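# Topology and contacts: notes
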Amino acid sequence: MNGKRGARRARVLLAAKIETPGGRIDGRLRDISRKGALIECATVPPAGTEVTFVRGKTTVPARIAWAADGRVGLEFHYMIDENELLVHIGRAKEPPASPPRYEGRSAITLGMNAKERKLAKAWSVTVGLNLPERGD
């Protein structure tokens, strides 16, 4: 929990929009919770303005709780679903299905034919690298 907030906030950096009575404002979503969000934007509507938060397929009516220095704090009119929140934080805690393997410098020539490997070897010598020999 952060400060006096009643909902956990996830730090993110994603594109988002705020629809206001004066038009749509593009911004960056800096953090989000089930109850609200922090948006960075060039145009800052005053606190109390009724808006709609838009991020992807998520649209939530909200009120600007505070506004200052290119940032606005949104208070959603209702708590968003936990699954909707997870979409925005990218489920970062889950490992990828098959993590990429790192094979060191020998991976540089992985997938190259013999001629391409020979060119890569010649280039590496000119820039001071020593590529290991591959036995493919």
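Anyway, here's the lowdown on the structure attached to this text. (Residues numbered from 1 in each chain as written. Predicted model: local features only at pLDDT ≥ 70, side-chain atom pairs only at ≥ 80, totals over all residues. Heavy atoms only, no water.)

Turning to unusual backbone geometry, a few remarks are in order. The phi dihedral of Asp69 is positive, around 45°, even though this residue is not glycine. Locating Asp69 in the fold gives a position in the loop between strand E5 (58-68) and strand E6 (71-76). The class for Asp69 is exposed, based on a relative accessible area of 81%. (Helix = DSSP H or I, 4+ residues; strand = E, 2+ residues; numbered from the N terminus. Buried < 20%, exposed > 50% of the residue type's maximum accessible area, 1.4 Å probe, protein only.)

Take the nonpolar core next. Core analysis: the biggest nonpolar cluster contains 18 residues, and Leu29, Ala37, Ile39, Phe53, Val72, Leu74 and Phe76 have the highest contact counts within it. Listing elements by their share of this core, those giving two or more residues are strand E1 (10-20), strand E2 (23-32), strand E3 (36-41), strand E4 (50-55), E5 and E6. (Core = buried A, V, L, I, M, F, W, Y, C linked by side-chain atoms within 4.5 Å.)

Note on sheets: strands pair through backbone hydrogen bonds, and any given pair is parallel or antiparallel. Strand order in this closed barrel of six strands is E1-E2-E3-E6-E5-E4, and the pairing throughout is antiparallel. Along the sheet, successive strands turn relative to each other by an average axial angle of 45°, direction set aside. Inspection of the sheet shows E2 paired to E3 by five bridges, in the antiparallel sense. Counterpart to Gly27 in the pairing with E3 is Cys41. (Pairing = 2+ DSSP bridges. Axes fitted to C-alpha atoms, helices over the stretch in contact; angles between N-to-C directions.)

With that settled, consider the pairing of E4. Pairing geometry for E1 and E4, over three bridges, is antiparallel. When the sheet's bridge partners are listed, Glu19 is paired in E4 with Thr52. Sheet topology note: the E4/E5 ladder contains six bridges and is antiparallel. Bridging from a neighbouring strand, Arg55 pairs with Thr58 of E5. What sits between E4 and E5 in their antiparallel hairpin is a turn of two residues, with Gly56 showing a positive phi close to 60°.

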